[in-house]
Amino acid sequence: MALIRDSSNIKAGDGTVTINGWVQDVRNLGGISFITLRDRYGTVQITMPKKKIEPELFELLTGLSRESAVSVTGEVKESNQTALGVELIPLSAKIHGEAASPLPLGVVDKVNAEMDTRLNNRFMDLRKPEIRAVFELRSMAVDLIFEAAAENGFVNVSTPKIVASGAEGGSTLFGVDYFGRQAYLAQSPQLYKQMLMSTGLDRIFEIGPAFRAEHSNTNRHVTEFISFDGEMAWIEKEEDVMEMIGRIIDRVLRGLAEKGAKQLEILGKSIKIPELPYPVLTYGECLKLVIDAGLPLKEGDDLGTEGEKIVGDAMSAKGFDLYFIAEYPEEAKPFYIMEKPGTPYSYSFDLDFKGQEISSGGQREHRYDELVGRMSKKGLNPDDFGFYLDAFKYGMPPHGGWGIGVDRLITKLLDLPNVREAILFPRDVSRLSP
Ligand code: AMO
């Protein structure tokens, strides 16, 4: 049997090998024909001098449609005409899946297709090396998160995604009919990760889906995203959480720069590794920046997309891509966040990356009475959260945590124009398929 080779390891002297791939291009010059066969790692040239190839095989191969899936077995020959320095002279071929034409999307065409066309034909879009590179880097980033979390003593957990109550406000809940009872898709693991803080599993993380019925059609919101959540107990202050996020992100960035060098090269990108600790601005400082830039915001307002961008530009000018915005008004933050005593602010923060929020977190209210008080203040009925509140009645340590949008992290890291570029099959208001 012939050796199985691919474009990353084929070399002169291999003898007879088989290459699996897609037909990127067929050029028939009469006396000689060429096929560019593309696999996961690159391309191999199949060279077919008409006189030296069985007529049937020659006809079969030259008649192939672009993007057909094939295995070609042949002799590896040295060549100074190809980038790999070798070419394959075919002896036999197996056609596994002939591609219909026209193709729904060109793989090598220079014309950039609309995003909708690309997403509708994602299987074809992903045949482009620069699209695949994003997902290979994403895979590495997730692996690195697992490594960094484990190194810092975090236990990997999975919490339910079909839940009885929301934690992040009612407007973005997706309802589910759960055997006749009202249930929801989890907006975040918030309630569960906090409950775990009373168990002794005092550092936990989860990488899992989060669902939000976002009606807005923006380049950074989807209805299903992957969240990297962390929660840690026995903290003294929210800065302990920020320090941990910095440590984990730094580890991911360094790892990606090293392990993802090839994919980054395909994308023409590099990873900038900011110094630790990441700078911290207060909400008040950001509000001032934004008002000075001419946005009509007032104390307590959300900074909004435009405001975040203004802050991002100001920070970029100082050389900072990643920075925390801390001390948000408590009113703007969910019930589980701890208030800063005697002020309208809270121990909560966002982590922004070049003018876009990629994470929020903070210190939680771990005191039962204060927590119930905050629920009531936010118009929530504590009775709906009995299972959660119980965990605060019998010895809950101080704790804090974060949620990082993995899709947004990758988007900003690779400077992609839209969060959908970092998601294989995105879900949004108009997109439920594929
Ligand atoms: P928050 O609601 O800010 O906080 O979400 C955390 C992070 O998740 C990402 N994110 C989204 N990504 C894509 N599409 C969306 N619709 C979307 N919504 C949120 C963002 C955001 O920063 N429980 C808290 C976290 C915590 O305090 O631990 C929470 O969910 O990157």
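Residues numbered from 1 in each chain as written. Predicted model: local features only at pLDDT ≥ 70, side-chain atom pairs only at ≥ 80, totals over all residues. Heavy atoms only, no water.

Examined against the element boundaries, D125 turns out to sit in helix α3 (residues 122-125). There is a polar contact of 3.0 Å between the side chain of D125 and the side chain of K128. Ignoring anything within four residues of it in the chain, the contact list for D125 reads L105, R118 and I131. (Helix = DSSP H or I, 4+ residues; strand = E, 2+ residues; numbered from the N terminus. Polar contact = N/O pair within 3.5 Å; in protein donor to acceptor, adjacent residues only side chain to side chain. Contact = heavy atoms within 4.5 Å.)

Bringing the environment of V134 into the picture now. One can find V134 in helix α4 (residues 129-151). In the structure, V134 is positioned 18 residues away from N152 in sequence and 27 Å away in space, judged by C-alpha atoms.

This part takes up the packing of aromatic side chains. Scanning all chains against the criterion turns up 13 aromatic pairs. An angle of 65 degrees between the planes, with centres 4.8 Å apart, marks the rings of Y178 and F179 as edge-to-face. Taking the relative accessible area as the measure of exposure, Y178 reaches 35% and is therefore partly exposed. On the numbers, 5.5 Å between centres and 80 degrees between planes, the contact of F335 with Y336 is edge-to-face. Residue class for F335 comes out buried when judged on its relative accessible area of 2%. (Phe/Tyr/Trp six-rings, centres within 6.5 Å; stacked < 30°, edge-to-face > 60°. Buried < 20%, exposed > 50% of the residue type's maximum accessible area, 1.4 Å probe, protein only.)

The next point concerns the sheet that holds strand β10 (residues 181-185). Across the sheet, 3 strands lie side by side as β8-β10-β9; this open sheet has antiparallel pairing. Among the strands making up the open sheet, the edge pair consists of β8 (162-163) and β9 (175-178). The pairing of β8 with β10 spans 2 bridges and is classified as antiparallel. Residue pairing in the sheet places V163 in a bridge with Y184 of β10. (Pairing = 2+ DSSP bridges.)

Formed by 47 residues in total, the largest nonpolar core has its most connected members in I245, I249 and W402. Contributions of two or more residues to this core are made by α4, β12 (224-233), α6 (238-259), α7 (261-267), β14 (322-326), β15 (348-353), β17 (399-405) and α12 (406-413). (Core = buried A, V, L, I, M, F, W, Y, C linked by side-chain atoms within 4.5 Å.)

Glancing now at unusual backbone geometry. The omega angle of the peptide bond from L276 to P277 is -10 degrees, so this bond is cis rather than trans. Residue position: P277 is located in the loop between α7 and β13 (280-282). Cis geometry marks the peptide bond from S433 to P434, where omega comes out at 0 degrees. If you check the backbone angles, D415 has positive phi at about 55 degrees while not being a glycine. With respect to the helices and strands, D415 occurs in the segment after α12. For D415, a relative accessible area of 47% gives the class partly exposed.

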